[in-house]
Amino acid sequence: MENFLSTEQRSAATRVVVASTVALSFISFWRGAAIVLSDLASSAFYAGGIAEGAIGRSAPWFVLAVMLFSFAVRSVYMESCSMYVRGGVYVVVRDAMGPVLARLSVSALIFDYILTGPISAVSAGQYLGRLINEVSEMMNSGMTVPPNLFAAGFALIVIAYFWWSNTKGIHESSTKALRIMQITTVMVVMFLIWCSMTLLTRGPAQIPPPPTPSNIGWGPDALGWLQGTRLIQIAAVAIIVAFGHSLLAMSGFETLAQVYREIASPKLKNLKITANIVCIYAVIATGVITLFAGMIIPDSIRPEYHDNLLGGLAMHLAGPPLLRLAFHVFVVIVGVLILSGAVNTSMIGANGVLNRVAEDGVLVPWFRKPHKKFGTTYRLINVITGLQLATVIGSRGDVVVLGEAYAFGVVWSFFMKALGVLVLRFKRQDQDYKTPINITIGGRELPIGLMATTLALFFVAVANLFSKQIATIFGVGFTLVLFAVFTISERLNAKTRRETKQGLEQFNLDVQPEVSVGTAAIHARPGCILVAVRDYSRMTHLKSVLQKTNLRRHDIVVMTVRGVSAGAGEYDLAENQLFTDYERELFTRVVALAEKEGKSVDLVVVPAVNPFDAMVQTAAKLQASRLVTGVSSRMDSEELARRIGRAWERLPEPRHPFSLEIISPGRPSIYVNLGPHPPRLWPEDVDLVHDMWLELSDKYAGAKLHHRDIVGVALRRMQEQLKNEDRDDVVRDILDEVEHRKEPSLTEEKSVTGSD
């Protein structure tokens, strides 16, 4: 065969089909709510104490008001999600208000994410450190730890752990988030019941004073530049400032937009359910429990628990001291779980937003260079981690300082989001959902509810700007630095955008909603071989497929997964973001390899959060007979096969069966049958079945008995044994068989499904 392609073949080889829809594994509204609450509900552990330190004993009412206000912010995010806008938050705000405000809004959002990690980790450390001290005091051991220093050290360890986890690309699953929220719900229910019983049996220690200006007791640094001015004497201004000091109780709401893409159909209906679950849960978990703390912990000692309010509440409930201590330990365990999870969410969110900003051309490509081993955008992760570590060290474990700074980013992020949605309301008419309270005057709709929410957020943002002195200096400085980086990077990109990397193939992009067989976009016939590539330095498996495949029998499709960060927001990628220089260089190597072997291939790009879902979904849509991958640098071949098998199990019925081949250089291939299939029996297994057939047919059943009858009875009896007391013996025999089986010499053939 000639080692070059004809003109027609070369044209086909340099044409790339790009899927514009992200391949996702969809989740229920319960799992979506769990992911959001893993971030939002974590504020219950620190928001009440920080708010009371700033505005005094009426803080619980303001926190409760903030949680009720979250229903309005929920509507803003739902309207934002209902508008189909490609390109991410930067593109949305840019289209609404221009590039300058777009860069500012992204800078404020990144500031929000950067602060989420440190305040969550430090708060968890405060709970743990103070528990150690309380237990030590009860046991008279004399061993105590300085809470702030301990909290800072604990936070550094937690952030470092999640830095390594995100660098490897191992993110927390929705299942784990659901389990954490189930445990958290147990804690919340116990608080509700136990607090109610405490109030009924011994009454409240006091009732928090109503949230009026006369009842606000300003903390030492609560007024900032408003201290001593006439403005703060105005009742409305005082209420707005106090509300602003409580707003961080609503932190984490931006996660609602991130999970929107992954919520199962019907999307908007399930998004509404998710948002309602989140808001109702947050009102109870943060608002009501904070109010209980203000009623049960005596005013005289409650300031001692500002850094661990729920721990203090647990120790002041009615009941035996040991029982209260056990519940306190449980509260701390839940706090460490959910607060540590919020650290991971902050990294994922910040990395996702920065990735999207880079994809929009606002960051130079250097930041998005993938890790050589793990394929993650490690440079962005390093920057995020460095900023979070510096924040923890700078705060010295002081939750109040972190809370003040965090509230600055939260409110400006919310305001810019609401303002962008408000402007788009007048520019677009394709919203599937609109924030309630809309009136029509003279044929023009006025979004009263949306304008009121935006105006309220604006007033609070301005109040925070003048009342949080340290936070304003730090937040404005951070935002301006990030804004400058974005501006310089965008200008550098503008100069090089039209320049093409020398020596790279020029590809014709064919953007399709999704990849499917039987269309003009894909030439491959059903039964094709799908080869997944990502690292152009590791394409031994592609070379093997090219060498041994007869194109008369099987077409070859080469696909790559365009990684989309899990925290990239609610919007899909724009067309110019789907095929970057990295994909161009990767497919240039693929084309060169195919030309060398004299073979033609179809080229496909599929954007996805989970690469295993993308590979399996693409193989199913193309009706491929085999999916071929190389070895993974992140996991061994057994784990790789297991994850792909689990992704196959997540496919909707009827699932297309195909085989998986994992090719390792210098080693036998591993073949995996995805889905139910006839097992390959060892010769001794066949002999065993045959011996039993001979004995049973001679003595009992005669010619009516078949080999399959023996296998069927054996399988049913084994299934029954797995349901009764013989289960352990059967499992032990299976594990022993796996441990001592004789592997085949030429190829390894296995079966992987979601239950493996």
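A brief structural summary. Here the structure is a predicted model, which means the values were calculated and not measured.

1. So, a negative patch on the surface
Here's step 1: Residues E684, D687, D691, D733, D736, E737 and E739 make up a contiguous surface patch of negative charge.
Here's step 2: Taken together, the elements giving at least two residues each to the negative patch come down to α23 (683–701) and α25 (727–740).
Here's step 3: In terms of residue count, α25 provides more of the negative patch than any other element does, four residues in total.
Here's step 4: Here D687 falls in the partly exposed class, since its relative accessible area comes to 48%.

2. Quick look at helix α9 (residues 235–246)
Here's step 1: In a regular helix each residue adds 1.5 Å, so twelve residues correspond to 16 Å; α9 covers 17 Å between its end C-alpha atoms and thus fits that length.
Here's step 2: Among all positions of α9, only A238, V241, A242, F243, G244, H245 and S246 are buried.
Here's step 3: Buried residues in α9 make contact with α3 (47–55), α4 (59–82), α15 (399–427) and α16 (448–467).

3. Re the packing of helix α2 (residues 29–40) against helix α13 (residues 321–359)
Here's step 1: Running from N to C, α2 and α13 point in directions that differ by 100°, and their axes come no closer than 8 Å. As summarised for this structure, α2 and α13 are arranged roughly perpendicular, according to the angle between their axes. Here L37, S38 and D39 of α2 come into contact with α13, specifically with I338, A342 and T345.
Here's step 2: Its residues assigned to classes, the contact of α2 with α13 shows three nonpolar, two polar and one charged.

4. As for the packing of aromatic side chains
Here's step 1: In this structure the tally under the stated criterion is 15 aromatic pairs.
Here's step 2: Each residue in the set F191, W194, F327 and F330 is aromatic and connected to the rest through ring pairs, giving one cluster.

5. A look at the pattern of salt bridges
Here's step 1: Taken as a whole, this structure holds 21 salt bridges when the rule is applied.
Here's step 2: Measuring nitrogen to oxygen at the nearest pair gives 3.2 Å for the salt bridge that ties R130 to D307. Placement of R130 in helix α6 (residues 99–139) and of D307 in the loop between α11 (267–296) and α12 (309–315) is noted, with a sequence separation of 177 residues between them.
Here's step 3: For D307, a relative accessible area of 14% gives the class buried.
Here's step 4: Here R626 ties to E661 by a salt bridge, and the two come within 2.6 Å at their closest N and O atoms. Of this pair, R626 sits in strand β8 (residues 626–630) while E661 sits in strand β9 (residues 658–663); the two residues are 35 residues apart in sequence, bridging distant segments of the chain. Taken as a pair, R626 and E661 share a single burial class, namely buried.
Here's step 5: Through salt bridges with shared partners, a single ionic network connects E52, R57, D299 and R302.

6. Observations regarding helix α18 (residues 540–548)
Here's step 1: Along α18, the positions that sit buried rather than exposed are H541, L542, V545 and L546. Buried residues of α18 fall within an arc of 135° about the axis and therefore sit on the same side.
Here's step 2: Packing partners of the buried residues in α18 comprise β5 (529–532), β6 (556–563), α20 (581–597), β8 and β9.

7. Some remarks on the environment of A463
Here's step 1: Here A463 shows up in helix α16.
Here's step 2: Once the C-alpha coordinates of A463 and I240 are considered, the two residues, 223 residues apart in sequence, prove to be 6.8 Å apart.
Here's step 3: Setting aside anything within four residues of it in sequence, one finds A463 in contact with I240 and V241.

8. Details of unusual backbone geometry
Here's step 1: With an omega of -10°, the peptide bond between E653 and P654 qualifies as cis.
Here's step 2: Locating P654 in the fold gives a position in the loop between α22 (637–649) and β9.
Here's step 3: The phi angle at I437 is positive, at roughly 70°, despite the residue not being glycine.
Here's step 4: In this structure, I437 sits in the loop between α15 and β2 (439–441).
Here's step 5: A positive phi angle, near 55°, is found at Q623, a position not held by glycine.
Here's step 6: Its location among the elements puts Q623 in the loop between α21 (611–621) and β8.
Here's step 7: Residue Q623 is classed as partly exposed on the basis of its relative accessible area, which comes to 36%.

About the criteria used
- Residues numbered from 1 in each chain as written.
- Predicted model: local features only at pLDDT ≥ 70, side-chain atom pairs only at ≥ 80, totals over all residues.
- Heavy atoms only, no water.
- Patch = residues over 30% accessible without salt bridge, like charges linked within 9 Å, V, L, I, M, F, W, Y side chains within 5 Å.
- Areas by Shrake-Rupley, 256 points an atom, 1.4 Å probe, with all protein chains shown as cover.
- Salt bridge = Lys/Arg side-chain N within 4 Å of Asp/Glu carboxyl O.
- Lys, Arg positive; Asp, Glu negative; His and termini not counted.
- Charge placed at Lys NZ, Arg CZ, Asp CG, Glu CD.
- Helix = DSSP H or I, 4+ residues; strand = E, 2+ residues; numbered from the N terminus.
- Buried < 20%, exposed > 50% of the residue type's maximum accessible area, 1.4 Å probe, protein only.
- Expected span 1.5 Å × (residues − 1).
- Contact = heavy atoms within 4.5 Å.
- Axes fitted to C-alpha atoms, helices over the stretch in contact; angles between N-to-C directions.
- Parallel < 35°, antiparallel > 145°, perpendicular 65-115°, else oblique.
- Nonpolar A, V, L, I, M, F, W, Y, C, P; charged D, E, K, R; others polar.
- Phe/Tyr/Trp six-rings, centres within 6.5 Å; stacked < 30°, edge-to-face > 60°.
- Arc of directions from axis to C-beta.

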